[in-house]
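Survey of secondary and tertiary structure
Here is what each chain is made of, one letter per residue.
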Amino acid sequence: MRRIAKGLVLIALITISVFFGITYYETYVNVPKKETNKNTNVSDTILLENGNNKDKENSDLTNNNFNSFPKNCYEREDFYVNNLGGSQNEYLLDYFNIGSWIYVILQTDSQDGDFNTKYQQLAIAKFDDMGNLLATQVLNTQQGEIYLHSTLNENGILVLTSSPTAKLYSISLDLSYKTTSCDFSLENGFVYNNFYDTFICGEINNRLGIYKLVDNKFELSFGKQINNDFIPIELFSINNKYHLFYNDGHCGYVLTFDNFGFKTSVQLTVEPFAQVSPFENGFAISTLLNYQSKFYLFTPDLNQNAKIDLGKCENLSFAVLDNGFFILLSGEIGHAFFVCKHGDVILQDERSFSLTREVCDIIKVGEKLEIIAKLSHDSFIKYTFDSKTNVIVESKNFYLPSAEKTVAFPLKNQIALFTQTWAKTEIFQKNQGKNEIFLLIFK
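Now for a quick tour of the structure.

Topic: the environment of S170
- Relative to the helices and strands, S170 is located in strand β11 (residues 165-172).
- Along the sequence, S170 and G156 sit 14 residues apart, while their C-alpha atoms lie 7.2 Å from each other.
- Among all residues touching S170, those that are not within four sequence positions of it are N153, I157, L158, S176, Y177 and K178.

What follows is the structure, encoded as structure tokens:
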């Protein structure tokens, strides 16, 4: 009887255990999985890769019409082409060719296609050297925040903005970024980096300030009162001194300083600078005022060595050659000058470039110059010029409907262009919106 009683007790215990086990499983384990909430907050900065935000739960990216990345380029007769934008407006601000990648700084208000903005914001895009669009990033800029300048640093790209409080975005090559907010305001200015020092040079209320990055904070090095029309041109570092070239009113000035503070401010020309380039013997400077152009050479100590009256034009560009300078004037009639390093005119060519209405860029490639110029509203030309023999060895016409702000740069063994247009015909038929940016690589 005792064995029977023990058996009944054991059976009862097993039954109770099974009952509670089944109850626990049905209650806590065998529960249908809840659907993930797709309405999570949207990140202020959006990195689009493979058509989606890295936050896969962002419904704005899954429900709207976004492009997939990489977005491959397409072929046309003379170019490999890719477009950058959405259904609204994109405006080209700057670009950088770093190794095998091309980076574009732009302004956009598209909420589809290649971008997802909240309003008009700054953004950056990354292409490979074949013209394929790899990724885009919208910066967390606020309404009313404006772009001032961008440059390279040791980690990637620096972008300076104003709202009017200055803000600096440090963007890595993978498009991630961090922001440095400054405690001063700017109306105009730019950022400079030589991989040792970082400066912000800017103006507000007719006062120029030079701010240096110290321990992750910008500190005022010195300030200087200026006139009403401050326009920064270039800043160069030579022999442990910094030279800031800028226009103030209708005159060209240079401000020299070092790491210890202000040194001198000198008026160099009675016309505004058009272009400033350093060369082995000092600085080459072109000026343009009331359609009258001039070309100057200055020593490293900023003493004038040469001055040439070039004549009437609408715009001008020059390139530094091994044996001197190539200067191209454009406008109603285009013509070229060849100037030696001492400032003497060696040759003036009034025929070869007579149809040039606007010079987009002059690019030195070995002993040749690749010159991209506009002949009319939609008609362009690429000259290949031998700077050793002073002869055009090749010219190629091409057509870009309603193209604006066309810039050129070397890319591997070819020349590439960025342009923006509202046209949706011919080479720009893949325009997704209103004003769109296009990358074109010559075949």
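Some remarks on the packing of aromatic side chains
- Per the stated rule, a full pass over the model turns up 32 aromatic pairs.
- Note on F409 and F418: the rings are 5.6 Å apart at their centroids and 25° apart in plane angle, and the pair reads as stacked.
- A relative accessible area of 3% means that F409 is categorised as buried.
- Following the ring pairs from residue to residue traces out a cluster consisting of Y192, F199, F222, Y242 and F257.
- The cationic tip of K126 hangs over the ring face of W101; the distance from NZ or CZ to the ring centre is 4.1 Å.
- Just above the ring of Y80 sits the side chain of K443; from NZ or CZ to the centre is 5.6 Å.

Considering the pattern of salt bridges
- Under the definition given, this model contains 11 salt bridges.
- For D78, the salt bridge is made with K396, and the minimal N-O distance between the two is 3.5 Å. Here D78 is found in the loop between β3 (74-75) and β4 (79-84), whereas its partner K396 is found in strand β32 (residues 391-399), with 318 residues between them in sequence.
- In this structure D78 comes out as buried when scored by relative accessible area, which is 19%.
- For E280, the salt bridge identified is with K341, shortest N-O distance 2.1 Å. Note that E280 is positioned in the loop between β21 (273-279) and β22 (282-289) and K341 in the loop between β27 (335-340) and β28 (345-349), a separation of 61 residues in sequence.
- Residue E280 is classed as exposed on the basis of its relative accessible area, which comes to 61%.
- The class of K341 is partly exposed, set by a relative accessible area of 26%.

Quick notes on the sheet that holds strand β19 (residues 251-258)
- Across the sheet, 4 strands lie side by side as β17-β18-β19-β20; this open sheet has antiparallel pairing. Each edge of the sheet is formed by a strand with only one pairing partner; in this case those strands are β17 (230-238) and β20 (261-269). This sheet shows a mean twist of 20° between the axes of neighbouring strands, independent of strand direction.
- Note: strand β18 (residues 241-248) against β19, 7 bridges, orientation antiparallel. Each residue of the ladder has a partner; that of Y242, found in β19, is F257.

Things to note about the side chain of N89
- By the secondary structure assignment, N89 is in the loop between β4 and β5 (90-98).
- A polar atom in the side chain of N89 sits 3.1 Å from the backbone nitrogen of N435.
- The contacts of N89, once residues within four sequence positions are left out, are Q107, T108, D109, S110, K434 and N435.

Quick word on the sheet that holds β21
- Taken together, 4 strands build an open sheet; the order of strands is β21-β22-β23-β24 and the sheet is antiparallel. In this open sheet, the two edge strands, each paired with only one partner strand, are β21 and β24 (304-312). The sheet shows a mean angle of 15° between the axes of neighbouring strands, direction not considered.
- Pairing between β21 and β22: 6 bridges, direction antiparallel. In the sheet register, Q275 faces β22, and the bridge partner there is S286.

Thoughts on the pairing of β5
- In the sheet, β5 pairs with strand β6 (residues 101-108) via 8 bridges, with the strands oriented antiparallel. Among the inter-strand pairings, L92 is bridged to a residue of β6, identified as L106.
- Linkage of β5 to β6, two consecutive antiparallel strands, is achieved through a turn of 2 residues, within which G99 is found at a positive phi near 60°.

A word on the nonpolar core
- Formed by 20 residues in total, the largest nonpolar core has its most connected members in L84, F127, F418 and L439.
- When contributions to this core are tallied by element, the ones reaching two or more residues are β6, β7 (121-128), β8 (133-138), β33 (404-411), β34 (414-421) and β35 (436-442).
- Residues within four places of L84 in sequence aside, it is in contact with K71, E90, V104, L106, D114, F115, A125, F127, L133, T136, E436 and I437.
- With 19 residues, the next largest nonpolar core counts Y74, C360, L440 and F442 among its residues.

Re a nonpolar patch on the surface
- A grouping of L152, F195 and Y196 is seen on the molecular surface, where their side chains present a nonpolar patch of about 380 Å² in accessible area.
- Inspection of the secondary structure puts L152 in strand β9 (residues 146-153).

Brief notes about the pairing of β33
- Pairing analysis gives 6 bridges linking β33 to β34, with the strands arranged antiparallel. Each bridged residue has a counterpart across the sheet, and for V407 the counterpart in β34 is F418.
- The antiparallel pairing of β33 with β34 creates a hairpin that spans 2 residues between the two strands, and K412 there sits at a positive phi of about 55°.

Let's talk about unusual backbone geometry
- The amide bond that connects F69 to the next residue, P70, takes the cis arrangement and shows omega of 0°.
- By the secondary structure assignment, P70 is in the loop between α2 (59-63) and β3.
- Within the chain, Y291 stands out as a residue other than glycine whose phi angle is a positive 70°.
- Following the sequence through the fold, Y291 ends up in the loop between β22 and β23 (292-298).
- Despite not being glycine, K405 shows a phi value in the positive range, around 50°.
- Within the fold, K405 resides in strand β33.

Overview of the side chain of K212
- As for its position among the elements, K212 is in strand β15 (residues 207-214).
- K212 sits in the buried class, given a relative accessible area of 17%.
- A distance of 3.0 Å separates the side chain of K212 from the side chain of N259, its partner in a polar contact.
- Dropping the residues within four chain positions of it, K212 is found in contact with D197, T198, F199, K217, F218, E219, S221 and N259.

About the thresholds
- Residues numbered from 1 in each chain as written.
- Predicted model: local features only at pLDDT ≥ 70, side-chain atom pairs only at ≥ 80, totals over all residues.
- Heavy atoms only, no water.
- Helix = DSSP H or I, 4+ residues; strand = E, 2+ residues; numbered from the N terminus.
- Contact = heavy atoms within 4.5 Å.
- Phe/Tyr/Trp six-rings, centres within 6.5 Å; stacked < 30°, edge-to-face > 60°.
- Buried < 20%, exposed > 50% of the residue type's maximum accessible area, 1.4 Å probe, protein only.
- Lys NZ or Arg CZ within 6 Å of the ring centre and 35° of its normal.
- Salt bridge = Lys/Arg side-chain N within 4 Å of Asp/Glu carboxyl O.
- Pairing = 2+ DSSP bridges.
- Axes fitted to C-alpha atoms, helices over the stretch in contact; angles between N-to-C directions.
- Polar contact = N/O pair within 3.5 Å; in protein donor to acceptor, adjacent residues only side chain to side chain.
- Core = buried A, V, L, I, M, F, W, Y, C linked by side-chain atoms within 4.5 Å.
- Patch = residues over 30% accessible without salt bridge, like charges linked within 9 Å, V, L, I, M, F, W, Y side chains within 5 Å.
- Areas by Shrake-Rupley, 256 points an atom, 1.4 Å probe, with all protein chains shown as cover.

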